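# Structural description and commentary
Spelled out from the first residue to the last, the chains are:
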Amino acid sequence: MKKLFAILILTSAFATGANAQLLYRISGNGLEKDSYIVGIHKLINPQGVVQQIAGIKEAMIATDQMYFESTPDSASYLKEARVLDGSKTLKEVLTPGQYAKLNAFLKKHEGVGLESPHVQKRYGNLTPLALKDELEKLLFVANHMSEYDPTHTFNEYFEAQAKVNKEPRYGLNGIDEQVACLKELPLQRQAEILMDFIEHEDAQLGIMDKVAAAFERQDPDAIARVSPMTPETTQAIAQWCARMPEIMKTPTLFIVDAGKLGGEEGLLNLLKKGGYTIEGVK
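Residues numbered from 1 in each chain as written. Predicted model: local features only at pLDDT ≥ 70, side-chain atom pairs only at ≥ 80, totals over all residues. Heavy atoms only, no water.

### Brief notes about the overall build of the protein
Per the secondary structure count, the protein includes 13 helices and 6 strands. The long-range fraction of contacts in the protein, counting pairs at least 24 apart against all pairs at least 6 apart in sequence, stands at 80%. Accessible surface, the protein: about 14,500 Å² in total, of which carbon and sulfur atoms supply 52%. (Helix = DSSP H or I, 4+ residues; strand = E, 2+ residues; numbered from the N terminus. Contact = heavy atoms within 4.5 Å. Areas by Shrake-Rupley, 256 points an atom, 1.4 Å probe, with all protein chains shown as cover.)

As structure tokens, this is what we get:
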């Protein structure tokens, strides 16, 4: 059956170099047909960017299923895991000093702090780890307004394409694993991670800027250098790599964060070590 594509014709300042690529072909090591892996950025709007990824249309035609980092349509299952247990609030979880720093950050980027019922409703009962994700968006949007659109993400783009072609969509992480990841870290440690982000706002913004620039150059190795992976991330990537041989018995397009592709412990290098041929698509 001929596949259909709803690819918009858009202009973009997305820059690519001679050796830049976000799409890679996976072959060899007993695979009957090639699979592909494409790197994305969770906060950059895909419009005008997807079309600049060489070979992406051909990769979607050549594959029969898509795998994302997280199970598609899992948001409703994860919503509860992002909220503090019982009727707890952040004011009970954070120390007074931590709470004051969080409030100052929100006032700076939201205009109002946790004294606002709207802000309290939005953030007040999130786990510190879930809140850190929200603050990353705030900080990114404050400095990359034109690049971010929460209603249009790379995952949504590829999910929509899969639906058009009636292709199955799966996650490299199961729902149970995603929930465990959000819940297993002690609240005190989560609070420390949150405070580290807030207290080093300028450094965090610098990393975000460099990652965005490296993504625009389609350079996963540069992203890995700028933003080294945590032990938890490297462990997750190793688990994905162990699962991929079975998955790739069906030609697959994998959609993962570009920051997880490059570097010594990145997914591309682990696949090479596993005996696969990895080629950047140009």
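### Examining the pairing of strand β1 (residues 23-27)
Of all 5 residues making up β1, 4 are buried, and the element is well covered by its neighbours. As judged from the 4 bridges shared by β1 and strand β2 (residues 35-40), these two strands associate in the antiparallel manner. Its bridge partner being in β2, Arg 25 is matched across the sheet by Tyr 36. Note: β1 against strand β6 (residues 277-280), 4 bridges, orientation antiparallel. Paired with Arg 25 across the strands is Glu 279, a residue of β6. (Buried < 20%, exposed > 50% of the residue type's maximum accessible area, 1.4 Å probe, protein only. Pairing = 2+ DSSP bridges.)

### Observations concerning helix α7 (residues 154-164)
Taken residue by residue, α7 has Phe 154, Tyr 157, Phe 158, Glu 159, Gln 161 and Ala 162 as its buried positions. The secondary structure elements touched by the buried residues of α7 are β2, α1 (56-62), β3 (65-70), β4 (169-173), α10 (201-216) and β5 (252-257). Directly beyond the C-terminal end of α7, a positive phi value near 55° is found at Lys 166.

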